[in-house]
Amino acid sequence: MAHQSLFNDAIKRLDKAGILAKVDPEVLLRLRHPKAIMQVSIPVRMDDGTLRIFEGYRVQHDNTRGPTKGGIRYHPDVSLDEVKALAFWMTCKCAVAGIPYGGAKGGIVVNPKELSHLELERLSRGFIGRMADFIGPDIDIPAPDVYTNAMIMGWMMNEYSTIKRTNCPAVITGKPIALGGSLGRDDATGRGAYYCIKELEKRRQWNPANITVAVQGFGNAGQHVARLLHADGYQIVALSDSRGGIYRKEGFDIPSLIKFKNESRQLKAIYCEGSVCEMVESQTLTNSELLELDVEVLIPAAMENQITKENVNNIKAPVIVEVANGPITSQADAVLADKKTLIIPDILANAGGVTVSYFEWVQNRQGYYWTVQEVQQRQETIMSREFNAVYNLLEEHKVDMRTAAYTHALKRIGDAIAAGGTHTYFSQES
Ligand code: GLU
């Protein structure tokens, strides 16, 4: 979908939900236009002495409900259009979770696997050097996303603090624990999706031993959701990473696969060298074959635009849990809605990450740190409450779960925008 705008596709989801949420049309108008966009070029001295310039973006989509919040991704395919879409999803995600943030996103056009550790550090610090006046603990708070991690967040926080000449842990979340990170943030995205699946399990009276699961993407979110489901007896029969996938009808032993992946990570500090394809004796399959497997639950946990009009008719799973942001295009969505596929949408399914980011920010500002049990218990309360609120809207309005989630989000965003005054308010005679 390179030629089509991801942002324009993303905002299409507002129309139906806007009617159900009964929001003022001005709310939808506002959400179609990001608040602010910052584009920077970052010069980086490479290890061989040459200079390379990298392109970076930060989009603040909407800050009506609070400071903007969202990750920074490092990927060769990053574009302004993609970052705009991701920022829009963050606005909706924070509203679904009911946490007091608007949405933002950042990205650098880079293949981080090609950079040395020191080059990566210079790039990360250089990005913050350019962005320091655009972000802040009460303005816009970054976090990890695709191919960024706690160590990178630590460098960024340190750089920001150096520039501002004050220790400032609350400017960024997903930091190492030693630098003010929160316990429970590392597995929070996967865990949030897991809490959603547990709620669905109750509603559908599933016996986990009979439920087969395929996970596309074995990064942070994919690994943890697979680990937690496996520990509960779910059958994880297929997994993949960017190089390909594996299938085993008896299911995989997830902890040993994670160990393999993490051991191979030691080789290069941040990025895994080993691919899942090298891990165990199993049948290999491509990423697109994995999506088309006849499993009960399909979990896309990699990139956007994985299920499109080209492959949607081959998708067999009756339940899809969007751990990645935007893995299904709006055209494919319409086909799946007709098939009555239950899709737990990204803005709910992966909201666990930003929810624990919020807890991290609260702890940084209080200077008082919680136990992992406190973090997880509060996270579970939010995830199950919001899952059920969205599910109830689905039943009430007889709509798909994505429309229900956007309706839920729009009510909260709409209330906030309306509280500041809309045309209806200003045209009333006083
Ligand atoms: N990048 C994650 C997301 O897409 C986390 C954002 C955050 O913690 O602010 O939700």
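Residues numbered from 1 in each chain as written. Predicted model: local features only at pLDDT ≥ 70, side-chain atom pairs only at ≥ 80, totals over all residues. Heavy atoms only, no water.

(A) Region of the structure containing unusual backbone geometry. Unlike most non-glycine residues, tyrosine 147 shows phi in positive territory, near 60°. For tyrosine 147, the position within the fold is in the loop between β6 (140–141) and α6 (150–164). Judged by relative accessible area, which is 27%, tyrosine 147 ranks as partly exposed. With a phi close to 55°, asparagine 305 is a non-glycine residue in the positive phi region. Mapped onto the elements, asparagine 305 comes out in the loop between β11 (297–300) and β12 (319–321). (Helix = DSSP H or I, 4+ residues; strand = E, 2+ residues; numbered from the N terminus. Buried < 20%, exposed > 50% of the residue type's maximum accessible area, 1.4 Å probe, protein only.)

(B) Quick peek at the packing of aromatic side chains. Considering all chains together, one arrives at 10 aromatic pairs under this definition. Each ring, one from phenylalanine 7 and one from phenylalanine 88, has its centre 6.4 Å from the other, and the planes form 90°; the classification is edge-to-face. One end of the pair, phenylalanine 7, is in helix α1 (residues 6–11); the other, phenylalanine 88, is in helix α4 (residues 80–97), and 81 residues separate them in sequence. Each member of the pair, phenylalanine 7 together with phenylalanine 88, is buried. Here the aromatic rings of tyrosine 358 and tryptophan 361 are separated by 6.2 Å at their centres, their planes lie at 35°, and the arrangement is tilted. Highlighted residues: tyrosine 358 and tryptophan 361, both in helix α13 (residues 351–366), separated by 3 residues, approximately one helical turn. One aromatic cluster is present, built from ring pairs that chain together Tyr101, Tyr358, Phe359, Trp361 and Trp370. We note arginine 378 situated over the ring of tryptophan 370; from NZ or CZ to the ring centre the distance is 4.0 Å. (Phe/Tyr/Trp six-rings, centres within 6.5 Å; stacked < 30°, edge-to-face > 60°. Lys NZ or Arg CZ within 6 Å of the ring centre and 35° of its normal.)

(C) Quick peek at helix α8 (residues 220–231). In a regular helix each residue adds 1.5 Å, so 12 residues correspond to 16 Å; α8 covers 17 Å between its end C-alpha atoms and thus fits that length. If you check which residues of α8 are buried, you get Ala221, Gly222, Gln223, His224, Val225, Ala226, Leu228 and Leu229. Backbone geometry just downstream of α8 places glycine 233 in the positive-phi region, at approximately 100°. (Expected span 1.5 Å × (residues − 1).)

(D) A look at the pattern of salt bridges. Per the stated rule, a full pass over the model turns up 29 salt bridges. Across the pair arginine 122 and aspartate 47 runs a salt bridge whose closest N-O atoms are separated by 3.2 Å. Taken together, the positions of arginine 122 in helix α5 (residues 117–131) and aspartate 47 in the loop between β1 (36–45) and β2 (51–62) put the pair 75 residues apart, joining distant regions of the chain. Notably, a salt bridge pairs arginine 203 with glutamate 395, separated by 3.8 Å at the nearest N-O pair. Pair noted here: arginine 203 is in helix α7 (residues 188–204) and glutamate 395 is in helix α14 (residues 372–397), with a separation of 192 residues, a long-range link. (Salt bridge = Lys/Arg side-chain N within 4 Å of Asp/Glu carboxyl O.)

(E) Highlighting the site of the ligand. The environment of the ligand is made up of 14 residues, and the closest members are Lys69, Lys93, Pro144, Asp145 and Ser357. Lysine 69 has a polar side-chain atom sitting 2.8 Å from an oxygen atom of the ligand. One of the backbone nitrogen or oxygen atoms of proline 144 is found 2.8 Å away from a nitrogen atom of the ligand. Alone, the ligand offers 290 Å² of accessible surface; in the complex the protein occludes 95% of this. The greatest single-element share of the shell around the ligand, amounting to 3 residues, is contributed by α13. Looking at the shell around the ligand residue by residue, the classes come out as 4 nonpolar, 5 polar and 5 charged. (Near = heavy atom within 4 Å. Polar contact = N/O pair within 3.5 Å; in protein donor to acceptor, adjacent residues only side chain to side chain. Areas by Shrake-Rupley, 256 points an atom, 1.4 Å probe, with all protein chains shown as cover. Nonpolar A, V, L, I, M, F, W, Y, C, P; charged D, E, K, R; others polar.)

Remember that the coordinates give geometry; whether it matters functionally is a separate question.
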